[in-house]
Amino acid sequence: MKQRSSRRLAVIALGAAIGFAAGDAEAVAPAKASLDAQVINGEVYVKASSLVAQLGGSGSYDPGTKKYNYAAADAVPDVVKKVSPSVVAIIGKPQDQNASNRFSLAHGTGVILKSDGLILTNTHVVNGMDHIVVVTSDGKEYEGTRKYMDATSDLALVQIKATGLKPAKFAASPLQVQVGETVVAIGTPVSFSLRNTATVGVISGMNRSVSSHYNLLQTDAAINPGNSGGPLVNLKGEVVGINSMKFVDVDIDSMGFAIPADTAQYIIHQIAKYGKVMRPTLGLDLEESWSAVVGLPTEEPMKVIGISSAEARNAGIQAGDALYSVNGKQVSTEVELNELLKSYLPGQTVTVTLLSDGDLVNRKLVLAASSAK
């Protein structure tokens, strides 16, 4: 990866690299929790299983003393211990580098999906990488094979021949996180010798669109080149995101971004079911409003500037129309539209509401297959 000018704001993917990953923060227990409970004779009784599920830690009932003994999780140390066996380091030789230079290498991070060696990482980590080597947390090396790459989401699957690996646990969909929630990033920053580095921070923001097709999570946990493909986890040890990029500038600190877990699971499930990502499109070239482009809150529609599918032409949509909603859900940005379309497949029919020739109209539109890879 080339170094950028120190005075130019850049968004960089966190593959192999340059930089130093460090960071720590005092972890605290969740400020809020929703627990299963019953009211009996005016007293509120909380289910022990709900307590452990929400707050982590462990508990057991002692029939002799008739007491439930609960031990709170030691937050970050327990999370790192729990998740590290599910994190791998990935290294290989970039195809565009000098083959005779044995030190010309690229590296990143991956998350174990299945015990038989299926691994999730970023597409930019393994795209164009020769002789992929995957190293598990116990130091064992495996040859890796690219199984699928989806450049649009920047997610890829790598396969190694292994058994008995520990799959990571992903947070449930739809993703339930909040700004300020403590998270831990685990990865391979800067040097391959620093694999399984852990850094701590918070969720700084949600629903960010930063040079991305889908929404991203923002975090101030220190993530650097080499962290790409590694997990961002909550204090229950669940993967809430896959680290992928950061802002870089001399005046900018701690602005990293991760692909949300529900987007990762959407891609994984699509590949498992169809052998590829069945990504639909309206077949329209759209232009966002000025307010949307600069990041102002807006309900302004997107303008149709071109028709790219036969289905959209057959629906009678024209350049100059303004798109307000899809199946009754308002969309003002392309990322909002992309998020909405994750619920559909090519060939399905949706109703789009447009302003056309001064009239607000509804059109039935058959979704086309996206050419995005």
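Residues numbered from 1 in each chain as written. Predicted model: local features only at pLDDT ≥ 70, side-chain atom pairs only at ≥ 80, totals over all residues. Heavy atoms only, no water.

1. Brief notes about the overall build of the chain
Now for step 1: In terms of helices and strands, the chain carries seven helices and 26 strands.
Now for step 2: Taken across its 373 residues, the chain has 46% of its residues classed as buried.
Now for step 3: Contacts in the chain between residues at least 24 apart in sequence constitute 59% of all its contacts with a sequence separation of at least 6.
Now for step 4: Accessible surface, the chain: about 19100 Å² in total, of which carbon and sulfur atoms supply 49%. (Helix = DSSP H or I, 4+ residues; strand = E, 2+ residues; numbered from the N terminus. Buried < 20%, exposed > 50% of the residue type's maximum accessible area, 1.4 Å probe, protein only. Contact = heavy atoms within 4.5 Å. Areas by Shrake-Rupley, 256 points an atom, 1.4 Å probe, with all protein chains shown as cover.)

2. Some thoughts on the nonpolar core
Now for step 1: With 44 residues, the main nonpolar core has Leu 120, Phe 170, Val 240 and Ile 242 as its most contacted residues.
Now for step 2: Top contributing element to this core by residue count: helix α4 (residues 261–274), with six residues.
Now for step 3: In contact with Val 240, not counting residues within four places along its chain, are Ala 171, Leu 175, Val 177, Val 183, Leu 217, Leu 232, Val 233, Asn 234, Ile 259, Pro 260 and Ala 261. (Core = buried A, V, L, I, M, F, W, Y, C linked by side-chain atoms within 4.5 Å.)

3. Examining the pairing of strand β5 (residues 67–71)
Now for step 1: Bridging between strand β4 (residues 58–62) and β5 involves five bridges; their strand directions are antiparallel. Among the inter-strand pairings, Ser 60 is bridged to a residue of β5, identified as Asn 69.
Now for step 2: Adjacent in sequence and paired antiparallel, β4 and β5 are bridged by four residues, among which Lys 66 carries a positive phi angle near 55 degrees. (Pairing = 2+ DSSP bridges.)

4. Overview of unusual backbone geometry
Now for step 1: Note that the residue after Ser 173, namely Pro 174, is joined by a cis bond; omega there is -5 degrees.
Now for step 2: With respect to the element layout, Pro 174 can be found in the loop between β12 (155–159) and β13 (182–187).
Now for step 3: One non-glycine residue with positive phi stands out, namely Asp 154, at about 60 degrees.
Now for step 4: Mapped onto the fold, Asp 154 is located in the loop between β11 (145–150) and β12.

5. Quick notes on the packing of aromatic side chains
Centre-to-centre distance and the angle between the planes together describe a pair of aromatic rings.
Now for step 1: Enumeration over the complete set of coordinates arrives at one aromatic pair.
Now for step 2: The cationic tip of Lys 342 hangs over the ring face of Tyr 214; the distance from NZ or CZ to the ring centre is 5.2 Å. (Phe/Tyr/Trp six-rings, centres within 6.5 Å; stacked < 30°, edge-to-face > 60°. Lys NZ or Arg CZ within 6 Å of the ring centre and 35° of its normal.)

6. Here's the deal with the pattern of salt bridges
Now for step 1: Counted according to the given criterion, the structure contains four salt bridges.
Now for step 2: Residues Lys 169 and Glu 238 are paired through a salt bridge, measuring 3.8 Å at the closest nitrogen-oxygen approach. Of this pair, Lys 169 sits in the loop between β12 and β13 while Glu 238 sits in the loop between β16 (231–233) and β17 (239–248); the two residues are 69 residues apart in sequence, bridging distant segments of the chain.
Now for step 3: Across the pair Glu 238 and Lys 236 runs a salt bridge, and its minimum N-O distance is 4.0 Å.
Now for step 4: Relative accessible area serves as the criterion here: at 27%, Lys 236 is assigned to the partly exposed category.
Now for step 5: Each of Lys 169, Lys 236 and Glu 238 takes part in a single network of salt bridges with overlapping partners. (Salt bridge = Lys/Arg side-chain N within 4 Å of Asp/Glu carboxyl O.)

7. Notes on the side chain of Ser 356
Now for step 1: Secondary-structure assignment places Ser 356 in strand β24 (residues 349–356).
Now for step 2: Reaching out from Ser 356, the side chain makes a polar contact with the side chain of Asp 321 at a distance of 3.0 Å.
Now for step 3: Apart from the residues within four sequence positions on either side, Ser 356 is in contact with Gln 318, Asp 321, Val 361 and Arg 363. (Polar contact = N/O pair within 3.5 Å; in protein donor to acceptor, adjacent residues only side chain to side chain.)

8. A closer look at the environment of Arg 313
Now for step 1: Along the chain, the position of Arg 313 falls in helix α6 (residues 310–314).
Now for step 2: As a C-alpha pair, Arg 313 and Gly 283 span 30 residues in sequence and 8.7 Å in three-dimensional space.
Now for step 3: When near neighbours in sequence (up to four residues on either side) are disregarded, Arg 313 contacts Ile 307 and Ser 308.

9. Considering a nonpolar patch on the surface
Now for step 1: A surface patch of nonpolar side chains, amounting to about 440 Å² of accessible area, comprises Trp 290, Val 293, Val 294 and Leu 296.
Now for step 2: Mapped onto the elements of the fold, Val 293 is located in helix α5 (residues 290–294).
Now for step 3: Residue classification places Val 293 among the exposed residues on the basis of a relative accessible area of 59%. (Patch = residues over 30% accessible without salt bridge, like charges linked within 9 Å, V, L, I, M, F, W, Y side chains within 5 Å.)

10. Regarding the sheet that holds strand β10 (residues 141–143)
Now for step 1: A sheet is described by the order of its strands in space; here seven strands give the open sequence β10-β9-β6-β7-β8-β12-β11, paired in antiparallel fashion. Only two strands of the sheet have a single partner each, and these edge strands are β10 and β11. Each strand of the sheet is rotated relative to its neighbour by a mean of 30 degrees, with strand direction disregarded.
Now for step 2: As judged from the five bridges shared by strand β6 (residues 87–94) and strand β9 (residues 129–135), these two strands associate in the antiparallel manner. Within the sheet, the bridge partner assigned to Ile 91 lies in β9 and is Val 133.
Now for step 3: Along the sheet face, α4 touches β8 (118–121), β11 and β12 and points at about 55 degrees away from the line of β12. (Axes fitted to C-alpha atoms, helices over the stretch in contact; angles between N-to-C directions.)

11. Structural notes on the confidence of the model for the chain
Now for step 1: Put simply, the chain has an average pLDDT of 85, and 85% of its residues get 70 or more.
Now for step 2: Highest mean pLDDT in the chain belongs to β8 (98); lowest belongs to strand β1 (residues 10–13) (52).
Now for step 3: When the criterion is pLDDT under 50, residues 1–9 qualifies, and its contacts beyond four places in sequence or with other chains add up to 19 contacts.
Now for step 4: Low pLDDT, under 50, characterises residues 16–29; the stretch is placed with 35 contacts to residues that sit more than four places away or in other chains. (pLDDT = per-residue confidence, 0-100.)

12. Some details on the side chain of Ser 84
Now for step 1: In this fold, Ser 84 is placed in the loop between α2 (75–83) and β6.
Now for step 2: Setting aside residues no more than four positions away along its own chain, Ser 84 makes contact with Ser 137, Ile 186 and Asn 196.

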